[in-house]
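Okay, here's what each chain looks like letter by letter:
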Amino acid sequence: MFPTPVLFERMFTPLPDKPDHPTLEEEILELWEREGTFEQLRERNRGGPIWSFVDGPVTANRPALGVHTAWGRTLKDVFQRYKALRGFDQRYQNGFDCQGLWIEVGVERELGLNSKREIEEYGLEAFANKCRDVVVRSSDALTRGSKRLGQWMDWGTDYFTFSDTNIEYIWKFLKNVHGKGWLYLGHRATAWCPRCGTSLSQHELTQGGVYQERSDPSLFVRFPLKERPSESIAVWTTTPWTLPGNVAAAVHPDGDYGLRESGEWVLASLFPEDTFVRHAKGSELVGLHYEGPFDTLAPGASVDHEIVPWDEVSFEEGTGIVHIATGAGPEDFELGKQLGLPVLMPVDEAGRFYDDYGWLHGMSTIEAADQIVGDLRERGFLLEAGTYVHNYAHCWRCDTPIIYRLSDDWFIAVDEVRPKLLEENAKVEWVPEYMGKRMDDWLRNMGDWNISRRRYYGLPLPFYPCNCGHLNVIGSKSELAERAIEGFDQLVELRRPWIDRVPITCEQCGEQVSRILEVGDVWLDAGIVPFSTLGWDNPEWISEGYATGAAKGLTKADLPDHAYWEKWFPADWVSEMREQIRLWFYSQFFMSVALIGRSPYKRVLGYEKMLDETGREMHASWGNTIKAEDAFAQMGADVMRWQYCAQPSDRNLLFGFGPAHEIKRKLLTFWHSIRFFVDYSNIEGFTPAWEQLEPDGELRPLDRWLVARTQQLVADATKAYEGTVTVDVIRGFEAFLDDVSNWYIRRSRRRFYAYDQAAFRTLWYALVQSLRVMAPVMPFLTDHLWRNLVTDGPSSVHLAPWPEPVEPDRAVLAEIAEVRSVVELGRQARSSSQLRQRQPLRRLVVAGASPVAAGHADEIAAELRVKEVEFGEVEASELRVKPNLPVLGPKLGADLREVRERLQRGEFEQLEGGRFSVDGHVLEPDEVLVERVGREGWAVASDAGVTVALDTALDDELLLEGRLYDRIHEVNVLRRESGLEITDRIRLWIPDADLIERYSDRIAAETLAVAVEPGELRVEKT
Ligand SMILES: [Zn+2]
Ligand SMILES: [Zn+2]
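By convention here, each chain's residues receive numbers from 1 onward along its written sequence. The naming scheme follows written order: chains are lettered A onward, ligands numbered 1 onward. Predicted model: local features are reported for residues with pLDDT of at least 70 only, side-chain atom pairs are reported and counted for 80 or more only, and whole-chain, interface and lining totals are derived from all residues. In computing side-chain values, all of the structure's heavy atoms are included and hydrogens and water are not.

In this section: the sheet that holds strand 37 (residues 986-990). Strands are treated as partners if at least two bridges between them are detected by DSSP. Per the convention used, a helix needs a DSSP run of H or I reaching at least four residues, while a strand needs a run of E reaching at least two, with both numbered from the N terminus. The strand order across the open sheet formed by three strands is 38-37-39, and the pairing between neighbours is mixed. Each having just a single partner strand, strand 38 (1009-1014) and strand 39 (1018-1021) make up the two edges of the open sheet. On average, each strand axis in the sheet is inclined to that of its neighbour by 15°, with strand direction left out of account. Pairing between strand 37 and strand 38: five bridges, direction parallel. Helix axes use the C-alpha atoms of the stretch in contact, all axes being lines fitted to C-alpha atoms, and the angles between their N-to-C directions lie in the range 0 to 180 degrees.

Here's what the structure looks like:
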């Protein structure tokens, strides 16, 4: 009955009240390091089946790991760990993205540089070195953070996209694409960041944070018609700076236009309040000429402004007449090309007006707005000026509002490869599925890929256009060496400024030709990774061959040979957040299909965005961002990882300390279950053996149930991991935890006090298996507990193989699930009656449960503290039926009132199948709302066809027993608070004479008292 005081040597280390996650994690990190746990794991799996994962590079521009990045890293680590437990041989190469605007803008801010001119004055060589410094510092900090998170990677053999090798692979790709005839120099109006001084591609505008709410001027402007002196056309614009670039005005040929009394033509339907003196179809206005808004300036004066037809004119907003500035809008530019309109280009690379724009010269597009409005007003062109709030695109890197301007950019044409892209994408397995559909949409609708940027720290595009008309494209460093005229010896890295000093000989005419100054889109850098890091097309393995150029000294990564690429390509799995569909998922996919006609990955896990715990975006200026280092210190990495894994990938993650607190509470239940096991095992000297993990021998039904329940956990978790659905792993574990703690241990407590070996063995098995299942998600806590619970098995949970899933005994599981649901209903009924949990009651009646549940009447009675449990009809409840008005109203019409009143009076008959008969009407189940209410003296609860009724009547006997339980509880709290061990015997004093007289033995038994005496409440260790 009681635990016997013990003299065995302790088998297990006793656990404190609660886990100290950060401390425990640091200890485990040290153990892994000392024991070479990760090395051992890789060694064990070497030569096993292959599971190929390719890491998407993290940009090495941040001073520390962020909680956003930690999310993706956790998912990658979870599945790599899982696959390793299953014996798969894997690559663990981490990647850093090292070039492009991300890095440049950070360095500009650090150095206080504000324009491209200032960068050039600072010196490109010094600037390049500064950029590399940022990458060195940041990659170091990110590595530290990732290790702390528990991510197992081959740190030190990382790939850095600024390596010469990576750049050479992109050159090879570009030469290949040029060979196919897809490379061309385009001239068009394109999205442009005036601060960064470069065009931006279509996919850069799809990144998060690009569209931000913004208030812009809203102008209605009149253009006087030359042929009709008293008439003009009205246009609407939110970008006043484009008006000096106006060349035409477009109307919809089929639009119904009206002439206002005040003399302006507008689309009639957009101004329903106005009265019109005349109507005309758009086509009747086409060909009329007007005075341009800025004919006072030379460029405007040079244009013959005319009304043109355009089918794309919107009937939804504006005036139905569109101001066309061919040099300042992509659609305008395309229309101008079709109609042969002149092109005006008002602003330069920095977004400032050119000198031929007179008094506007040197002003930025934003500075000019007010002046333009004032000037138009003065000259009588302005009809109305206000403000307009809309979502407008901003530069993803520096937050400057985007403008459109004419630019010459290098493009890769996509039309020819598009069908193959679609075909290959259809073979990829996307999780969640809708992300694959998004990729498909993107592939169908995307335009040609703008790959050139007018910047400095990036992949140098190897394009050497010659005056003879020939475009030389260099495909490798050795080809450059062969054709270089000078400067090759001084080539420190394949990078500006050094490469700009290496002219080559034109292969067509033999003349000297220079490289264009542009660098490449950063997504080329990351997109080539499945080729550059795996040694595609490389004849011979080169040790540390990837550590070239800027990457020299930062990594020991090899450049493998082509056979290695054959082995590891394509990736079995890649994972990043959703916005990468049009970025990294896309760029590597495009490059791979273009080069070899195949997708670089078989399966993708995408996930949505991270917000703060209240659902807001995280912004440093709002004070709601969380630093990873703070999260490590306050939650611990395991709790963070749980939070990431508990997130369904199709919804935004609301991350924070609140949810972390909830998770800690759940983990505490787990901790206490293990602590319970450890304490009693130490008392009894229980010694489990790893060799006999699964319990056998004399098992009770409850033990057999826990064995099946554990098998179910393993089977469900295996399925979830295989499907890359981490949330199902967490859900499965939570339910398991509840079953172990709130059913198995609760129901078996006395067997542990009495040293029933079967209970110990069964619980040990369940706990050990659950540690193995959760090891990928919580690598620290599970290993810490494993090292305590399994003393003669593998030294780390991460070195134990994955438990083989077996089909559990479903009948046993269903039986206990039903018993638990009856108990749950009993608790609901009790809480609806406001009676205390500890108050014993006379009777519970259960209706609708299957016969197997009846076999557990004793357990149900004990759990619910009732004297007897009957299975049969519940007459203690009353059926209440109400009309479901939205459904029944239309059906019954005028009869509704009568039916309703009869239902209220209980004048109805219950029919088969949940139907009711009332006043000659038959009501279907969906037409009524049914409720069961306890009759006086009964508390009733009901769910899924099972109803329980609890007799709530109390007599003196029950009340006395209720007081007994309260007192026992109070004494046991006092025992704990007095610091007594669970085995300590006590002398006890309590004030209740009647309890002592009647229940002295029970009180003694439940509190480990050797004597119970009357007096003020007090305990004393004997
Ligand atoms: Zn910018
Ligand atoms: Zn030439």
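Quick look at the packing of helix 3 (residues 67-85) against helix 22 (residues 701-722) now. Contact pair helix 3 / helix 22: the axes reach a minimum separation of 11 Å and the direction vectors enclose 120°. What the angle tells us is that helix 3 and helix 22 run oblique. In this structure, the crossing between helix 3 and helix 22 has a hand that is left-handed. When helix 3 is examined against helix 22, the residues Val-78, Phe-79, Tyr-82 and Lys-83 are found in contact with a partner set consisting of Thr-718, Tyr-721 and Glu-722. Just so you know the grouping, Ala, Val, Leu, Ile, Met, Phe, Trp, Tyr, Cys and Pro go in nonpolar, Asp, Glu, Lys and Arg go in charged, and all remaining residues, Gly too, go in polar. Residues that form the contact of helix 3 with helix 22 fall into these classes: four nonpolar, one polar and two charged. Our angle categories are set so that under 35 degrees counts as roughly parallel, over 145 as roughly antiparallel, 65 to 115 as roughly perpendicular, and the remainder as oblique. Here is the rule for handedness: rotate from the far helix to the near one, and if that takes an anticlockwise turn smaller than a right angle the crossing is left-handed, while a clockwise turn gives right-handed. Residues count as neighbours in contact if any of their non-hydrogen atoms are within 4.5 Å of one another.

Here we come to the pairing of strand 36 (residues 946-951). Counting buried positions along strand 36 yields six of six residues, so the element is predominantly enclosed. For every residue, the accessible area obtained with a 1.4 Å probe (protein chains only) is divided by the maximum for its type, and the residue is called buried under 20%, exposed over 50%, and partly exposed between those limits. Here strand 36 shows a buried face lined by Val-946, Val-948 and Leu-950 and a second buried face lined by Thr-947, Ala-949 and Asp-951. Relative to strand 36, strand 28 (residues 841-847) runs antiparallel, the two being bridged by four bridges. By the bridge assignment for strand 36, Val-845 is matched with Ala-949. A loop of two residues connects strand 35 (residues 938-943) with strand 36, the two strands running antiparallel in sequence, and Ala-944 in this loop sits at a positive phi of about 45°.

On to the coordination of the zinc ion (ligand 2). Distances decide who is a donor: an N, O or S atom must be within 2.8 Å of the metal, or within 3.2 Å for Na, K and Ca. Water is not included, so sites may look incomplete. Taken together, Cys-466 (SG), Cys-468 (SG), Cys-506 (SG) and Cys-509 (SG) make up the full set of protein donors to the zinc ion (ligand 2), lying 2.2 to 2.4 Å away. When the donor residues of the zinc ion (ligand 2) are listed from N- to C-terminus, their spacing reads C-x1-C-x37-C-x2-C. Highlighted residues: Cys-466 in the loop between strand 19 (463-465) and strand 20 (471-473) and Cys-506 in the loop between strand 21 (504-505) and strand 22 (512-513), separated in sequence by 40 residues. The residues Cys-466 and Cys-506 share a single accessibility class, namely buried.

In the predicted model, the protein carries a mean pLDDT of 93, and 99% of its residues have values of at least 70. pLDDT gives the predictor's per-residue confidence on a scale running from 0 to 100. Scored below 50 in pLDDT, residues 1-7 shows 18 contacts in the model against residues more than four places distant or in partner chains.

Turning our attention to the environment of Tyr-644. Tracing the backbone through its elements, the reader meets Tyr-644 in helix 20 (residues 637-645). When residues no more than four places from it in sequence are discounted, the contact partners of Tyr-644 are Val-67, Ala-70, Trp-71, Thr-74, Met-610, Leu-653 and Phe-655.

Here we come to the coordination of the zinc ion (ligand 1). Listed as protein donors to the zinc ion (ligand 1) are Cys-193 (SG), Cys-196 (SG), Cys-395 (SG) and Cys-398 (SG); their distances from the metal cover 2.2 to 2.4 Å. For the zinc ion (ligand 1), the four donor atoms are set out with angles of 104 to 117° between them, so the coordination reads as tetrahedral. On the primary sequence, the residues serving as donors to the zinc ion (ligand 1) are separated as C-x2-C-x198-C-x2-C. Classification of Cys-395 by relative accessible area gives buried; the value is 1%. Of the residues examined, Cys-398 reaches a relative accessible area of 10% and is grouped as buried. Square planar and octahedral sites, with four and six donors, are those where opposite donors lie more than 155 degrees apart and all other angles lie between 65 and 115, tetrahedral sites have four donors with every angle between 85 and 135 degrees, and the rest are irregular.

As a further point, take the nonpolar core. To define a nonpolar core, start from buried Ala, Val, Leu, Ile, Met, Phe, Trp, Tyr and Cys residues and group those joined through side-chain atoms within 4.5 Å. Ranked by internal contacts, the top residues of the largest apolar core, which has 239 residues, are Phe-173, Phe-590 and Leu-789. Ranked by residue count, the leading element in this core is helix 24 (residues 757-774), at twelve residues. Among residues more than four places away in sequence, those in contact with Leu-789 are Phe-12, Ile-674, Phe-677, Val-678, Pro-688, Trp-764, Leu-767, Val-768 and Leu-771. If you look at the next biggest cluster of nonpolar residues, it comprises 56 residues, including Trp-192, Ala-234, Ala-250 and Leu-297.

Moving on, we get to unusual backbone geometry. Pro-497 follows Arg-496 through a cis peptide bond whose omega is 5°. Position of Pro-497 relative to the elements: it lies in the loop between helix 14 (477-483) and strand 21. With omega at -5°, the peptide bond leading from Phe-569 into Pro-570 counts as cis. Residue position: Pro-570 is located in the loop between helix 17 (562-568) and strand 24 (574-577). In this structure, Gln-834 takes a positive phi of about 65° despite not being glycine. Relative to the elements of secondary structure, Gln-834 occurs in the loop between helix 26 (810-832) and strand 28. Overall, the relative accessible area of 71% leaves Gln-834 in the exposed class. Phi at Leu-1008 takes a positive value of approximately 60°, unusual for a residue other than glycine. Residue placement: Leu-1008 occurs in the loop between helix 32 (993-1007) and strand 38.

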